[in-house]
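Report on the structure
Chain by chain, the residues run as shown.
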Amino acid sequence: MTFLKTKFIKDKAHYINALKTISVVLLAFIAAVFFRRSAGVLATFPIAFALCAVSAFINVNPKIKLAVFGVTVFALNTVENTDTRVSLTFTALCLLGCLLFQLSARVISKRRAVGVCVMAVCFALCIALSFVFVGNPLSAIKANRVLNGYIESNYPTAENSESTEYIFTKTYYNYNTKAFEKQGYGSDSPTEIGTVSANGETVNDSLKSIVQKNLAQPYVLEITEVLRKRFPDDTFSVSFDEIYRENGKQVISAERNGLYGRIVFEINLGGVQTANKMAEKVKQYTEVLDNANINYGKIIYKSGISPWVKRSATVDKNRPMGQCVFTVYHVPISTSNRFNRFAKWDFQFK
């Protein structure tokens with residue numbers, strides 16, 4: 001009888017310890033679900049730290065708790081994020097919370113009032129560090145609203161897009177840029193990822209340039225084919241510069257083949273030594289394109305002078321019939337064509 005009673009007590013203790021361990025594992029998993037970059041705005045709330053604090057009062061070996069929380073948070077972050085530094089940051093913050101709350105719980109077991117104050121200080125420290133590396137909830141909510149509004153206005157939904165759907169992550173905080181961001185890509189080019197970020201009400205969009213470049217690529221190839229056929233031995237390259245908006249419509253929402261006449265192309269001419277030689281080339285190339293009925297907004301021709309300066313000549317499609325009027329200027333090599341409109345100098349040819 002004594003043997004059975006002893007066995008029952010041991011089995012009961014074993015089951016209780018098992019339940020405690022399972023509770024820690026469950027708390028760690030829930031904490032990891034919320035405390036990861038892909039959780040978006042929810043990651044900025046101190047949910048994970050509250051769960052760490054709860055686990056501190058479960059009578060399980062502290063080393064096991066640290067191991068379970070650390071491995072779980074790191075695993076869930078690594079699965080959905082390729083940046084190891086981000087995974088390590090979330091894991092380190094969670095482990096720090098577990099350690100601080102475990103020490104606080106030990107103090108509470110001895111001196112309750114002092115322990116509660118210690119835990120409050122530890123909780124405040126964890127939240128402060130989370131604000132620094134993960135972002136604060138109020139700013140996250142505001143940035144999420146700004147980014148969602150911008151994306152809704154600038155990127156078509158699957159129902160309104162003929163060719164592609166644009167997919168975005170949830171809003172997260174980038175410690176390096178100190179801004180909230182969303183990564184996005186088109187369903188037809190999932191490896192070309194851009195970032196839409198918000199700093200206050202200001203939005204920066206690196207995805208738009210990728211999307212516009214892809215939209216313009218068929219038109220670039222069309223011009224290249226026409227010119228290559230006519231000038232097989234010339235050294236030149238055609239690239240996209242910008243796309244004009246039409247009637248307030250977003251470029252990204254343009255219908256298939258709907259960008260004719262709205263694209264500004266840049267053609268770099270190789271082997272051109274003088275402004276007069278460049279002017280001759282510009283006239284030849286423009287004539288070929290016009291005869292082929294190529295519809296464009298503008299073409300910006302460029303040729304090299306030095307590592308710092310290029311010649312530049314702009315031909316507008318909307319010009320007097322049969323005339324090719326342009327001026328060859330010098331422009332900085334490292335600036336955009338939109339800036340060069342104001343930075344051009346040194347009148348060369350008319």
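Everything numeric here is computed off the predicted structure, so don't read it as measured data.

Let us now look at helix H7 (residues 207-230). In a regular helix each residue adds 1.5 Å, so 24 residues correspond to 34 Å; H7 covers 35 Å between its end C-alpha atoms and thus fits that length. Within H7, the axis deviates most sharply at glutamine 217, by approximately 40 degrees, and proline proline 218 lies no more than four positions further along.

Take the pattern of salt bridges next. All told, the structure shown has 6 salt bridges when counted by the stated rule. A salt bridge links arginine 145 to glutamate 201, with the shortest nitrogen-to-oxygen separation between them at 3.5 Å. Of this pair, arginine 145 sits in helix H6 (residues 137-154) while glutamate 201 sits in the loop between strand S4 (189-199) and strand S5 (202-205), and the two are 56 residues apart along the sequence. Taking the relative accessible area as the measure of exposure, glutamate 201 reaches 52% and is therefore exposed. Where lysine 302 meets glutamate 266, a salt bridge forms, and the shortest distance between an N and an O atom there is 3.7 Å. Note that lysine 302 is positioned in strand S8 (residues 298-304) and glutamate 266 in strand S7 (residues 263-269), a separation of 36 residues in sequence.

Bringing the pairing of S8 into the picture now. Taking burial as the measure, the 7 residues of S8 include 5 buried ones, the bulk of the element. The handedness of the S7 to S8 crossover, carried by helix H8 (residues 275-291), is right-handed. With 7 bridges connecting them, S8 and strand S9 (residues 309-316) associate as antiparallel partners. Residue pairing across strands places isoleucine 299 opposite valine 315, the latter belonging to S9. As consecutive antiparallel partners, S8 and S9 are separated by 4 residues.

What follows deals with the pairing of strand S6 (residues 236-243). For S6, the tally of buried residues reaches 6 of 8 residues, placing the bulk of the element in the interior. Both S6 and S7 contribute to a ladder of 7 bridges, which runs antiparallel. Across the sheet, glutamate 242 pairs through a bridge with valine 264, a residue of S7.

Another point: the packing of helix H4 (residues 84-110) against helix H5 (residues 112-133). As a packed pair, H4 and H5 sit with axes 7 Å apart at the nearest point and diverge in direction by 170 degrees. Taken together, H4 and H5 sit at an angle that is classed as roughly antiparallel. Taken together, the residues of the contact of H4 with H5 sort by class into 17 nonpolar, 5 polar and 2 charged.

With respect to the secondary-structure elements, phenylalanine 180 resides in strand S3 (residues 179-186). In this structure phenylalanine 180 comes out as buried when scored by relative accessible area, which is 7%. Along the backbone, phenylalanine 180 and alanine 198 are 18 residues apart, and their C-alpha atoms lie at a distance of 5.5 Å.

Before going further, it helps to spend a moment on a nonpolar patch on the surface. On the surface, Leu26, Phe29 and Ile30 cluster together to form a nonpolar patch covering roughly 270 Å² of accessible area. Of note, phenylalanine 29 is situated in helix H1 (residues 2-34).

The next point concerns unusual backbone geometry. Despite not being glycine, lysine 178 shows a phi value in the positive range, around 60 degrees. Looking at where lysine 178 falls in the secondary structure, it is placed in the loop between strand S2 (172-174) and S3. Classification of lysine 178 as partly exposed rests on a relative accessible area of 45%. You will see that asparagine 293, though not glycine, has its phi angle at about 60 degrees, which is positive. Classification of asparagine 293 by relative accessible area gives exposed; the value is 67%.

About the thresholds
- Counting from 1, residues in each chain are numbered in the order their sequence is written.
- Residues qualify for local features only when their pLDDT is at least 70, as the model is predicted, and side-chain atom pairs are given and counted only at 80 or more; totals for whole chains, interfaces and linings, by contrast, use all residues.
- Side-chain numbers here rest on the full set of heavy atoms in the structure, without hydrogens or water.
- Only DSSP runs of H or I with at least four residues qualify as helices, and only runs of E with at least two residues qualify as strands; both kinds are numbered from the N terminus onward.
- Here, expected helix span is obtained from the residue count minus one, scaled by 1.5 Å.
- To get the bend at a residue, fit one axis to the 7 residues ending there and another to the 7 starting there, then take the angle between the axes.
- Every case where a carboxyl oxygen of Asp or Glu lies within 4 Å of a side-chain nitrogen of Lys or Arg is listed as a salt bridge.
- To sort residues, take the accessible area from a 1.4 Å probe on protein chains only and compare it with the maximum for the residue type: under 20% means buried, over 50% means exposed, and anything in between is partly exposed.
- Think of it like this: strands point away, you trace from the first strand over the helix to the second, and a clockwise trace means the crossover is right-handed.
- Any two strands with at least two DSSP bridges between them are considered paired.
- Axis definition: a line fitted to C-alpha atoms, over the contacting stretch in the case of helices. Angles run 0 to 180 degrees between N-to-C directions.
- Working rule for angles: under 35 degrees goes down as roughly parallel, over 145 as roughly antiparallel, 65 to 115 as roughly perpendicular, anything else as oblique.
- Only Asp, Glu, Lys and Arg are considered charged, only Ala, Val, Leu, Ile, Met, Phe, Trp, Tyr, Cys and Pro nonpolar, and every remaining residue, Gly among them, polar.
- Residues form patches when they are more than 30% accessible in relative terms and have no salt bridge. Like charges link within 9 Å. Nonpolar side chains (Val, Leu, Ile, Met, Phe, Trp, Tyr) link within 5 Å.
- Computed with the Shrake-Rupley method and a 1.4 Å probe, the accessible areas treat only the protein chains shown as cover for residues.

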